[in-house]
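# Analysis of the macromolecular model
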Amino acid sequence: AKADGRGTYRFFEAEMDARLQERRRLERDLQQALLGEQLTVHFQPLGDCTTQQIVGFEALVRWNHPERGLVAPSDFIPMAEETGLIVPLGEWVLREACREAVRWPSSIRVAVNLSPVQFRHADLAERVIGILKDTGLPPERLELEVTEGVLIDDSARALSTLKALKDAGIRISLDDFGTGYSSLSYLQSFPFDKIKIDRSFIGNMPTNEDSRAIVRAIIALARSLRITVTAEGVETEEQLRLLRSESCNQVQGYLLGRPAPADDVSARLAEPAPE
Ligand code: C2E
Ligand code: CA
Ligand code: CA
Ligand code: CA
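Cut-off values and rules
- Residues numbered from 1 in each chain as written.
- Chains lettered and ligands numbered in written order.
- Predicted model: local features only at pLDDT ≥ 70, side-chain atom pairs only at ≥ 80, totals over all residues.
- Heavy atoms only, no water.
- Donors = N, O, S within 2.8 Å, 3.2 Å for Na, K, Ca; no water.
- Helix = DSSP H or I, 4+ residues; strand = E, 2+ residues; numbered from the N terminus.
- Axes fitted to C-alpha atoms, helices over the stretch in contact; angles between N-to-C directions.
- Parallel < 35°, antiparallel > 145°, perpendicular 65-115°, else oblique.
- Left-handed = near helix turned anticlockwise from the far one by under 90°.
- Contact = heavy atoms within 4.5 Å.
- Nonpolar A, V, L, I, M, F, W, Y, C, P; charged D, E, K, R; others polar.
- Near = heavy atom within 4 Å.
- Polar contact = N/O pair within 3.5 Å; in protein donor to acceptor, adjacent residues only side chain to side chain.
- Areas by Shrake-Rupley, 256 points an atom, 1.4 Å probe, with all protein chains shown as cover.

The protein goes by Diguanylate cyclase (GGDEF)-like protein/PAS domain S-box-containing protein in an unreviewed UniProt entry, where it is assigned to Azospirillum rugosum.

Put simply, a metal with four donors set out as a tetrahedron has ideal angles of 109.5 degrees, and one with six donors set out as an octahedron has ideal angles of 90 or 180 degrees. Around the calcium ion (ligand 4), the protein contributes the donor atoms Asp-176 (OD) and Asp-176 (OD), which lie 2.8 to 3.0 Å from the metal centre. Between the calcium ion (ligand 4) and the calcium ion (ligand 3) the interatomic distance comes to 3.9 Å, and Asp-176 is a ligand of both metals. Mapped onto the elements, Asp-176 comes out in strand 6 (residues 171-177).

The subject of this paragraph is the packing of helix 4 (residues 124-135) against helix 5 (residues 155-167). Two elements in contact, helix 4 and helix 5, have axes whose closest approach is 9 Å; the angle formed by their N-to-C orientations is 25°. In this view, helix 4 runs roughly parallel relative to helix 5, as classed from their interaxial angle. Seen from above, helix 4 lies across helix 5 with right-handed handedness. Contact residues: helix 4 offers Leu-124, Ala-125 and Val-128, while helix 5 offers Thr-161, Ala-164 and Leu-165. Its residues assigned to classes, the contact of helix 4 with helix 5 shows 5 nonpolar, 1 polar and no charged.

What follows covers the site of ligand 1. With respect to spatial proximity, 20 residues lie near ligand 1, and among them Gln-44, Arg-62, Arg-199, Glu-235 and Tyr-254 are the closest. Val-61 is positioned with one of its backbone polar atoms (N or O) 3.2 Å from a nitrogen atom of ligand 1. One of the side-chain nitrogen or oxygen atoms of Arg-62 is found 2.8 Å away from an oxygen atom of ligand 1. In isolation ligand 1 exposes 810 Å². Once the protein is present, 81% of that is buried. Counting only elements with at least two residues in the shell around ligand 1, the list comes to strand 2 (54-65), helix 2 (73-83) and strand 6. Among the elements that make up the shell around ligand 1, the one with the highest residue count is strand 2 (4 residues).

What follows deals with the coordination of the calcium ion (ligand 2). The protein atoms that coordinate the calcium ion (ligand 2) are Glu-58 (OE), Asn-113 (OD1), Glu-145 (OE) and Asp-175 (OD), at distances spanning 2.1 to 2.4 Å. Read from N- to C-terminus, the donor residues coordinating the calcium ion (ligand 2) fall into the pattern E-x54-N-x31-E-x29-D.

As structure tokens, then:
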């Protein structure tokens, strides 16, 4: 049994080594990707729930790895957060997104995700405001999406950063609403401009009365707090119809459009509005 145990241990060690090496490789590759041309930003439309008219686009990073092909954000954002690479990466995405958005009609906003790790740096607000100045995008046209994780680490600092961003005229959205542990208390700690209902609730709406009740309650809550509500992950007409009947403000999801390269956005914006 002893020999067995050691064998298992050695196997485990070898496995850990392999994983660690794999991780280091990916980390080094991501560093390269930041310097090279492997990262790109895709844009997904956000539409008015009633008219489906496009009101903005969310910027979503993509990594086109030379050997691995397209790597999903869920496969590299956590690593970028652990290594701190998310700081230059996040700034790069923001700059790219603003550079694109400045060419869109002035009624169209751009939404950019910020990681809680970016909030650990005291100068985040100044950096964001600097990027707006550099690119010429008016602050009112930028929405920054944060998850409640941002208020966990060092909430005093995060709150003062959020306040500085809001004071500069930038809108702040609470992303993935309903998936965390204490979403409601976050609504009390900061005056968010928008909440985005997580797609897990939207997907279940047509078949699950409880999901519908939750969505209805979130929309009612947001309305009384005068916060805009966006439903994420709207994939079907049925979901859209239900959200409309609940008076949701905005929708995002494959039904309206998948994330696509910046060139497609211009084409999309040139299309006539849906009836
Ligand atoms: P998120 O911010 O919640 O972004 C929405 C995700 O849902 C995107 O996945 C989008 O492609 C996907 N999605 C949109 N509509 C639908 C739909 O109708 N059905 C389904 N099944 N999925 C839909 P993506 O692009 O893979 O990004 C995943 C997550 O990675 C994002 O979730 C966000 O948390 C993170 N992320 C992406 N880009 C950035 C970035 O530039 N910075 C940071 N910090 N995080 C990012
Ligand atoms: Ca988001
Ligand atoms: Ca989300
Ligand atoms: Ca998410």
